[in-house]
Amino acid sequence: MPELTHNTTSRPELSRDLGVSHASAIVVGTIIGSGIFLVPAEMMQAVGSAKLVYLAWVVGGALSFFGALTYAELGAMKPQAGGEYVYVRDGYGPLAGFLYAWTWFVIAKPASVATVVTGLVRILGTFSVFAFFSRNVISAPIAVTWGQVVAIAAAILISALNYIGVKKAGEFQLVFTLLKVVIILGIVVVCFGGGNSAAGRSLGAGWHNFSGTFSGAKGGITGFMAALVAALWAYDGWNDLNMVAGEIKRPERSIPIALIAGVATVGVLYVLMNAGVQYVLPASAIAASPRPASDAVALILGSVGAGIVSLGMALSMLVTLNGTIMSGARVPYAAARDGYFFSKLAEVHPRFHTPSAAIVVQAVLSILLLLLGANFKQLFSLAIFAEWLFYMITGSTLFVFRVREPGMARPYRTWGYPFVPAIFVVVAAAFLCYTFADNWPNSGYGVLVILAGIPLFAYFARRRGRAAPES
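What you are looking at is a predicted structure, and each value in this text was computed from that prediction instead of being measured.

Trainee: What am I meant to see in the overall build of the protein chain here?
Mentor: Along the backbone of the protein chain there are 18 helices and two strands. Against the compact-globule benchmark of 23 Å for 471 residues, the protein chain has a radius of gyration of 22 Å, which places it among compact chains. Dimensions of the protein chain along its principal axes, counting C-alpha atoms only, are 80 × 55 × 40 Å. Within the protein chain, buried positions represent 58% of all 471 residues. When contacts within the protein chain are restricted to residue pairs at least 6 apart in sequence, those whose partners lie at least 24 apart make up 82%. As presented, the protein chain carries roughly 17,900 Å² of accessible surface, and 69% of it is formed by carbon and sulfur atoms. In the protein chain, which carries 30 positive and 19 negative side-chain charges, the distance between the mean positions of the two groups comes to 2 Å.

Below, the structure is given as structure tokens:
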């Protein structure tokens, strides 16, 4: 089902300004945020050993890679703005597509943006110069801290960058993703190089740390699933590229290359980073540290080295934020173009050729979440439940299209079909059941918001039906 584009001749359109290098940077740069720097402690607290931490990273990486292989076929086959919305709409009909867009618009992306900027503030808050972040700017009618103000400013700044052109946002993504990769590789070199020195060995660095354990871990299946949740959060964002498919040059080639190479690159970087940290720090130290990477580098280079890592983390968060905001606005834009959302969101800026109204509204919703003051864990739990629900549904559309449209052009076919996409869908379903049971208040809220979209869909469907004769 092609995108509905009524009266397109008289209005500006999105432009294909992103090359394969930009596309790859969107994948790598969006995935690598604060997760790799922050979650190793949570993972060690959950499973209690370096080997099980690695197993969680491998399982999370494999699941994400299987998802990327699945999305590569979908993206090359239907390279339209909106990505997942388009696949769900064409696979299961307008209602399913709308509920996806509605959930993405009011839960998944605002919560993701709020999570990223909250993490950015947490990182900057470790510097003494930013100690004032915890103080209130105003106390009434609601309390707002300086940290919230900084988080809101970051969301506005990157939204503005995306507003003035996808190519500018793409260039920002490319340059700073390369810098981010250099920083991670630098941390790995420092950890192994410094750990091999006499001073490093005297601090306890060495391969023996990989066999260490943390006795206070949660343990068992529950502990491993908690570690897997943390790993998947760190891998999250690999799907964002498909949302901007309508602005990628030669999407039938660029999308599969960027998805497959990008997720594989992130997996390698994550394994190397964890190896470097675990080489320097024993399991108990990792479990006790809120920032294991900074502490590992601090043992080798002192406080200056730890500060450099923290600045690298902050930079990493900005790049993730850019990719998140870039992809987020394309879904409500695509739904509005179909007539199933507020028509204002379908507007493309005549000069910048971006979904400007959708970008602005997305920023406003993210700011509202930030002002509500939800904590970091609540935000990412809410986001990850909504996102994985639709990862599962979107992945299943591949089977629908293979059966219903066997003759459709497929520039890329998913390697390992049907097993790879089937494993992705089944494991995603199991993961959803776990996250719902483990964090049911936030997950239950997400389900209620999804269901609330049904009467809203009915309203837009009626309005669209009345407008159809005039199109």
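Structure's up, so let's keep going.
Trainee: How do you make sense of the packing of helix α4 (residues 84-92) against helix α5 (residues 94-124) when you look at a structure like this?
Mentor: Each pair of packed helices gets described by two things: the angle between the helix axes and the distance between those axes. Viewed as axis vectors pointing N to C, α4 and α5 meet at an angle of 155 degrees, and their least axial separation amounts to 6 Å. Between α4 and α5, the angle is such that the two are roughly antiparallel. Here α4 runs over α5; the crossing is right-handed. Where α4 abuts α5, its residues E84, Y85, V88, R89 and Y92 lie against P94, A96, G97, F98, Y100, A101 and W104. When the residues that make up the contact of α4 with α5 are grouped by side-chain class, the tally is nine nonpolar, one polar and two charged.

Trainee: I'm lost on helix α6 (residues 146-163) in this one. Help?
Mentor: Every α-helix winds through 3.6 residues per turn, so residues three or four apart in the chain are directed the same way. The end-to-end C-alpha separation of α6 is 25 Å, in line with the 26 Å expected for 18 residues at 1.5 Å each. All of the buried residues along α6 are G147, Q148, A151, I152, A154, A155, I158, S159, L161 and N162. Backbone geometry just downstream of α6 places G165 in the positive-phi region, at approximately 145 degrees.

Trainee: Would you explain a nonpolar patch on the surface in this entry?
Mentor: On the surface, a nonpolar cluster with roughly 540 Å² of combined accessible area is contributed by L95, F436, W440, V447, L451 and I454. Ranked by residue count, the leading element in the nonpolar patch is helix α18 (residues 440-467), at four residues. For V447, the position within the fold is in helix α18. The exposure class assigned to V447 is partly exposed, which follows from its relative accessible area of 31%.

Trainee: Just to check I follow, could you spell out the packing of aromatic side chains for this structure?
Mentor: Each aromatic ring pair is summarised here by two numbers: the centre-to-centre distance and the angle between the ring planes. By the definition in use, this model includes 31 aromatic pairs. Where F98 meets F341, the ring centres are 5.7 Å apart and the plane angle is 85 degrees; that geometry is what we call edge-to-face. With F98 in helix α5 and F341 in the loop between α14 (330-337) and α15 (356-372), the pair connects residues that are 243 residues apart, well separated along the chain. For the pair shown, F98 and F341 are each scored as buried.

Trainee: Please clarify how helix α9 (residues 220-235) should be interpreted in this entry.
Mentor: For α9, spanning 16 residues, the distance from its first C-alpha to its last is 23 Å, which sits close to the expected 22 Å at 1.5 Å a residue. With respect to burial, α9 is a largely interior element, 12 of its 16 residues being buried. Positive phi shows up at G237, right after α9, with a value of about 115 degrees.

Trainee: Just checking my understanding: could you explain the packing of helix α13 (residues 303-328) against α14 for this structure?
Mentor: In contact at an axis separation of 5 Å, α13 and α14 are set at 5 degrees when each is read in the N-to-C sense. Here α14 runs roughly parallel to α13, going by the angle between their axes. Only R330, V331 and P332 of α14 make contact with α13, whose side of the interface consists of M326, S327 and G328.

Trainee: Got a minute to help me understand the nonpolar core in this structure?
Mentor: Formed by 139 residues in total, the largest nonpolar core has its most connected members in F37, W57 and L241. Examining the composition of this core, we find that 18 residues originate from one element, α5, more than from any other. Ignoring any residue separated from it by four or fewer positions in sequence, one finds F37 in contact with I184, I187, M273, R291, P292, A293, V309, M313 and S316.

Trainee: How should unusual backbone geometry be read in this particular structure?
Mentor: Note on backbone geometry: most residues besides glycine have negative phi, and most peptide bonds are trans. The linkage connecting Y417 with the following residue, P418, adopts the cis geometry, with an omega of 5 degrees. You can see P418 is positioned in the loop between α16 (376-404) and α17 (419-438). Notably, R250 is not glycine yet its phi reads approximately 45 degrees, a positive angle. Mapped onto the elements, R250 comes out in the loop between α9 and α10 (251-280). Given a relative accessible area of 52%, R250 falls into the exposed group.

Rules of the game
Residues numbered from 1 in each chain as written. Predicted model: local features only at pLDDT ≥ 70, side-chain atom pairs only at ≥ 80, totals over all residues. Heavy atoms only, no water. Helix = DSSP H or I, 4+ residues; strand = E, 2+ residues; numbered from the N terminus. Rg over C-alpha atoms; globule rule 2.2 N^0.38 Å. Buried < 20%, exposed > 50% of the residue type's maximum accessible area, 1.4 Å probe, protein only. Contact = heavy atoms within 4.5 Å. Areas by Shrake-Rupley, 256 points an atom, 1.4 Å probe, with all protein chains shown as cover. Lys, Arg positive; Asp, Glu negative; His and termini not counted. Charge placed at Lys NZ, Arg CZ, Asp CG, Glu CD. Axes fitted to C-alpha atoms, helices over the stretch in contact; angles between N-to-C directions. Parallel < 35°, antiparallel > 145°, perpendicular 65-115°, else oblique. Left-handed = near helix turned anticlockwise from the far one by under 90°. Nonpolar A, V, L, I, M, F, W, Y, C, P; charged D, E, K, R; others polar. Expected span 1.5 Å × (residues − 1). Patch = residues over 30% accessible without salt bridge, like charges linked within 9 Å, V, L, I, M, F, W, Y side chains within 5 Å. Salt bridge = Lys/Arg side-chain N within 4 Å of Asp/Glu carboxyl O. Phe/Tyr/Trp six-rings, centres within 6.5 Å; stacked < 30°, edge-to-face > 60°. Core = buried A, V, L, I, M, F, W, Y, C linked by side-chain atoms within 4.5 Å.

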